[in-house]
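Coordinate analysis (summary)
The residues making up each chain are set out below.
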Amino acid sequence: MAEARSGAALVAAAAVVALLVLALAPEGSRAERFIVGDAARWTWGYNYTDWVIKKGPFFQNDTLVFMYDPPNATVHAHSVYMMRNAADYQSCNLKAAKLVAGVTQGAGSGFEFVLTKRKKHYFVCGERGGIHCTMGQMKFIVKPKSSACRDD
Ligand SMILES: *[C@@H]1O[C@H](CO)[C@@H](O)[C@H](O)[C@H]1NC(C)=O
Ligand SMILES: *[C@@H]1O[C@H](CO)[C@@H](O)[C@H](O)[C@H]1NC(C)=O
Ligand SMILES: *[C@@H]1O[C@H](CO)[C@@H](O)[C@H](O)[C@H]1NC(C)=O
Ligand SMILES: [Cu+2]
């Protein structure tokens, strides 16, 4: 009887430890990884604004993966820039934009961008003087939420 009781106590103690480990696990460990555009990847003419609406919300420390082939005779170049503000984003004005990934960096397993900051990220493709951004719809805004709010 005593043995059965201590056995039950051990099981209960193990359950408490397991719960504590779950509770104390860093929130970042549940971060997700997203291929931007999914099967379409990072390319001309795909509606990334729509993609963000369907995939969101995004949380702090989630990873965005930009996949695009390096340019050659048949493949057009793409890149990733971050705009400074909403006005530049709206008009696709690249003058003050920050280069995030060059034309060859989307190759292979792609370019990974971790959303470490809970700010608005204005991503665009910077090719053809902004035409990929204006005509090609290669632009989207992501504002990660606090990962404490993740409800899965
Ligand atoms: C995000 O990741 C960094 C680096 O791994 C970590 O220090 C930070 O606590 C994480 N933040 C959240 C909210 O998960
Ligand atoms: C892209 O998707 C957004 C959100 O669904 C929509 O508002 C917008 O009109 C779409 N753009 C085009 C060019 O279809
Ligand atoms: C250009 O790149 C694509 C994708 O990487 C590849 O499939 C294609 O064979 C390449 N074409 C030439 C002409 O090198
Ligand atoms: Cu492009």
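Residues numbered from 1 in each chain as written. Chains lettered and ligands numbered in written order. Predicted model: local features only at pLDDT ≥ 70, side-chain atom pairs only at ≥ 80, totals over all residues.

The name an unreviewed UniProt entry assigns to the chain is Phytocyanin domain-containing protein, from the organism Setaria viridis.

Some thoughts on the site of ligand 3
Applied cut-off: As used in this record, a residue near a molecule or strand is one whose C-beta atom, placed from the backbone, is within 6 Å of it. Under the scheme applied, nonpolar residues are Ala, Val, Leu, Ile, Met, Phe, Trp, Tyr, Cys and Pro; charged residues are Asp, Glu, Lys and Arg; polar residues are all the others, including Gly.
Within the structure, ligand 3 sits among Asp-69, Asn-72, Ala-73, Thr-74 and Val-75. Residue classes in the shell around ligand 3 are distributed as two nonpolar, two polar and one charged.

Observations regarding the sheet that holds strand β6 (residues 121-124)
Just so we agree on the cut-off: If DSSP finds at least two bridges between two strands, the strands pair. Each helix is a run of DSSP H or I of at least 4 residues and each strand a run of E of at least 2, with the numbering of both proceeding from the N terminus. Axes here mean lines fitted to C-alpha atoms, for a helix over just the part in contact, with angles spanning 0 to 180 degrees between N-to-C directions.
If you trace the four strands from one edge of the open sheet to the other, you get β4-β3-β6-β7, paired in antiparallel fashion. Strands at the two margins of the open sheet, each flanked by one partner only, are β4 (98-101) and β7 (139-142). Each strand axis lies, on average, 30° off the axis of its neighbour in the sheet, ignoring direction. By the bridge criterion, four bridges tie β6 to β7 in an arrangement that is antiparallel. In the sheet register, His-121 faces β7, and the bridge partner there is Val-142.

With respect to the confidence of the model for the chain
Spelled out, the test is: For every residue, the predictor reports its confidence as pLDDT, a number between 0 and 100. By the criterion used throughout, residues are in contact when their C-beta atoms, derived from the backbone, lie within 7 Å.
For the chain, mean pLDDT is 87; residues scoring 70 or higher make up 80% of the total. Low pLDDT (under 50) marks residues 10-22, which in the prediction has zero contacts with non-local residues, meaning those over four places away or in another chain.

Considering the nonpolar core
As a rule of thumb, soluble globular proteins bury nonpolar side chains together. Short version of the rule: In these notes, a nonpolar core means any group of buried Ala, Val, Leu, Ile, Met, Phe, Trp, Tyr and Cys residues linked to one another through C-beta atoms within 7 Å. To assign burial, the other C-beta atoms lying within 10 Å of each residue's own C-beta are counted, with C-beta atoms placed from the backbone; 20 or more indicates buried, 12 or fewer indicates exposed, and intermediate counts indicate partly exposed.
The biggest cluster of nonpolar side chains holds 26 residues, and the ones touching the most others in it are Phe-66, Val-80, Met-83 and Val-124. If you list the elements that add at least two residues to this core, you get β2 (63-66), β3 (80-83), β5 (111-114), β6 and β7. Ignoring sequence-local partners within four residues, the contact set of Met-83 consists of Asp-88, Tyr-89, Ala-97, Tyr-122 and Val-124.

So, the sheet that holds β2
Pairing is mixed in the open sheet, where three strands are placed in the order β1-β2-β5. This sheet does not close on itself; its edge strands, each paired only once, are β1 (33-35) and β5. With strand direction ignored, the average angle separating the axes of adjacent strands in the sheet is 25°.

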